[in-house]
Amino acid sequence: MTIFDQMMARYDVKSESQKRNAAFEVMQEIALAGLYRGGFFNKAAFYGGTCLRIFYGMDRFSEDLDFSLIAPENNFHLEDYFPAIITEFSATGKDVIISKKEKRTFGRVESAFLKDNTELYDLSFRTEKSVKIKIEVDIDPPQKFDTEQKLLLYPFSFMTRCFVLSDLFAGKMHAFVFRGWKNRVKGRDWYDFEWYVRKGVELNFGHLQARIREFNGIEMNKEQFLKSLKERIATTDVDTVKSDVIRFIKNRNELDIWSNDYFLMLADRLKFR
């Protein structure tokens, strides 16, 4: 049995969708291990939904790997870390392909937060092209965030630099309010919002303001942000939100309470720091 197979054996897989989600997470952990061996986390930090899933215990699957440099570096190249990632996968019994993702192929949903200096790559198995994860690195990130070291035990024990929860929350709320949804609502934003509030996580408003300033070119105080948040909640079809997130979670009953009023109540419980 390969190391990859051993890592897959940790999951209680009962359906093809669960198997696919497990394969995503195993791939993500191996990619993180390769980045660690290559020294990537000396200058970059992990954030986003996959970070929440792996290191902070959020109970939903996530497909992408999102990273931010600790400080802006225009000459940064993720390609420098490809050999370490490929070698790590090979050691677990899998061959992978890493290819650059052309930003022009993205629609408004994804491109809302892509900057010219954000590097995008796809990572996929040579034999299982349907299992593919996107790797994104912001090389000129908004500032005013903190990081911490988190332990991962597979495929070996290593430390990963991650955004702290309050800054992860700030990034999520920026996406929640400003993401260009077009005709598709990203229900994972709503699931994560609920998770943060239920956990009592304080939102780092300083980092949120830095994101709004850099990505949207405007200034916003807390009252203005809350107004925009509630407008977004009140004008969204929650059934559409549910249909988007349902394939990423195990227990569909979690969504029974979801309604516009429920999320407006959650907005009133937001805590800032």
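Residues numbered from 1 in each chain as written. Predicted model: local features only at pLDDT ≥ 70, side-chain atom pairs only at ≥ 80, totals over all residues. Heavy atoms only, no water.

K.L.:
I keep staring at the overall build of the chain and nothing clicks. Help me out?
P.N.:
What the chain contains, in helices and strands, is 11 helices and seven strands. Relative to the compact-globule value of 19 Å for 273 residues, the chain shows a C-alpha radius of gyration of 18 Å, a close match. The C-alpha extent of the chain, read off along each of the three principal axes, is 50 × 45 × 35 Å. Long-range contacts, defined as pairs at least 24 residues apart, comprise 69% of the intrachain contacts of the chain with a sequence gap of at least 6. (Helix = DSSP H or I, 4+ residues; strand = E, 2+ residues; numbered from the N terminus. Rg over C-alpha atoms; globule rule 2.2 N^0.38 Å. Contact = heavy atoms within 4.5 Å.)

K.L.:
Even after reading the chapter, I still don't get the packing of helix 9 (residues 222-234) against helix 11 (residues 260-268), so can you show me in this structure?
P.N.:
Packed helix pairs are specified by the crossing angle of their axes together with the interaxial distance, meaning the distance between the axes. At a minimum axis distance of 9 Å, the contact between helix 9 and helix 11 shows a crossing angle of 165°. In terms of orientation, helix 9 lies roughly antiparallel with respect to helix 11. Along this stretch, helix 9 crosses helix 11, giving a crossing that reads as right-handed. Only Asn260, Phe263, Leu264, Ala267 and Asp268 of helix 11 make contact with helix 9, whose side of the interface consists of Leu226, Leu229, Lys230, Ile233 and Ala234. (Axes fitted to C-alpha atoms, helices over the stretch in contact; angles between N-to-C directions. Parallel < 35°, antiparallel > 145°, perpendicular 65-115°, else oblique. Left-handed = near helix turned anticlockwise from the far one by under 90°.)

K.L.:
So what exactly am I meant to see when it comes to the pattern of salt bridges here?
P.N.:
For side chains of opposite charge, pairing can occur when their charged atoms come near one another. Applying the stated rule across the entire model yields 19 salt bridges. The closest approach of N and O atoms between Lys14 and Asp12, which form a salt bridge, is 3.7 Å. Pair check on accessibility: Lys14 and Asp12 agree, each one exposed. One network of salt bridges, in which partners are shared, links Arg60, Lys172, Arg179, Asp189 and Asp192. (Salt bridge = Lys/Arg side-chain N within 4 Å of Asp/Glu carboxyl O. Buried < 20%, exposed > 50% of the residue type's maximum accessible area, 1.4 Å probe, protein only.)

K.L.:
Help me understand a nonpolar patch on the surface, please; the structure alone is not making it clear to me.
P.N.:
Nonpolar side chains collect at one region of the surface, where Tyr36, Leu151, Leu153, Tyr154 and Met159 lie side by side and expose about 470 Å² of accessible area between them. With respect to the element layout, Tyr154 can be found in the loop between strand 6 (147-152) and strand 7 (158-163). (Patch = residues over 30% accessible without salt bridge, like charges linked within 9 Å, V, L, I, M, F, W, Y side chains within 5 Å. Areas by Shrake-Rupley, 256 points an atom, 1.4 Å probe, with all protein chains shown as cover.)

K.L.:
What's the story with the environment of Phe248 in this structure? I'm lost.
P.N.:
Within the fold, Phe248 resides in the loop between helix 10 (238-245) and helix 11. Placed 55 residues apart in sequence, Phe248 and Phe193 show a C-alpha to C-alpha distance of 15 Å. When near neighbours in sequence (up to four residues on either side) are disregarded, Phe248 contacts Arg60, Phe61, Glu63 and Arg188.

K.L.:
Hey, could you run me through helix 9 in this one?
P.N.:
Since one α-helical turn is 3.6 residues long, residues separated by three or four positions face the same way. Compared with an ideal rise of 1.5 Å per residue, which puts 13 residues at 18 Å, helix 9 spans 18 Å between its outermost C-alpha atoms and is within 8% of the ideal. Residues Phe225, Leu229, Arg232 and Ile233 constitute the buried set of helix 9. In an axial view of helix 9, the angular spread of the buried residues amounts to 100°, which keeps them on one side of the axis. For helix 9, exposure combined with an orientation more than 90 degrees from the buried face picks out Glu223 and Lys227. In this fold, the buried residues of helix 9 make contact with helix 6 (165-178), helix 7 (187-199), helix 8 (205-216) and helix 11. Two or three places before Glu223, at the start of helix 9, stands the capping residue Asn221, its side-chain oxygen 3.2 Å from that residue's backbone nitrogen. (Expected span 1.5 Å × (residues − 1). Arc of directions from axis to C-beta. Polar contact = N/O pair within 3.5 Å; in protein donor to acceptor, adjacent residues only side chain to side chain.)

K.L.:
I'm lost on the packing of aromatic side chains in this one. Help?
P.N.:
How two aromatic rings sit relative to each other is given by the distance of their centres and the angle of their planes. All told, the structure shown has 24 aromatic pairs when counted by the stated rule. Arranged with centres 5.3 Å apart and planes meeting at 80°, the rings of Phe40 and Tyr81 form a pair that is edge-to-face. A residue pair is termed long-range when its members are at least 10 positions apart, and Phe40 in the loop between helix 2 (16-37) and strand 1 (44-47) and Tyr81 in the loop between strand 2 (65-69) and helix 4 (82-92) qualify at 41 residues. Across the pair, exposure class does not vary: Phe40 and Tyr81 are buried alike. For the pair Trp190 and Phe263, a centre-to-centre distance of 4.8 Å together with 80° between the ring planes defines the contact as edge-to-face. Note that Trp190 is positioned in helix 7 and Phe263 in helix 11, a separation of 73 residues in sequence. Here the aromatic cluster, defined as three or more aromatic residues joined through ring pairs, consists of Phe40, Phe41, Phe46, Phe55, Phe67, Phe76 and Tyr81. The aromatic ring of Tyr154 is capped on one face by Arg10, whose charged end is 4.3 Å from the ring centroid. Sitting over the face of the ring of Phe156, Arg37 holds its NZ or CZ atom 3.9 Å from the ring centroid. (Phe/Tyr/Trp six-rings, centres within 6.5 Å; stacked < 30°, edge-to-face > 60°. Lys NZ or Arg CZ within 6 Å of the ring centre and 35° of its normal.)

K.L.:
Just to check I follow, could you spell out helix 8 for this structure?
P.N.:
If you check helix 8, its first and last C-alpha atoms are 15 Å apart, about what 12 residues at 1.5 Å a residue would give, namely 16 Å. If you check which residues of helix 8 are buried, you get Phe205, His207, Leu208, Ala210, Arg211, Ile212 and Phe215. The N-capping residue of helix 8, defined by a side-chain oxygen 3.1 Å from the backbone nitrogen of Gly206, is Asn204. Looking at the residues trailing helix 8, positive phi occurs at Gly217, about 70°.

K.L.:
Any chance you could explain the state of the cysteines here in plain terms?
P.N.:
What is meant by a disulfide is a covalent connection between two cysteines, made through their sulfur atoms. Enumeration over the complete set of coordinates arrives at zero disulfides. Looking at the unpaired Cys51, the closest cysteine sulfur is the one in Cys162, lying at 3.8 Å. Owing to a relative accessible area of 0%, Cys51 belongs among the buried residues under this scheme. Of the residues examined, Cys162 reaches a relative accessible area of 0% and is grouped as buried. (Disulfide = S-S within 2.5 Å.)

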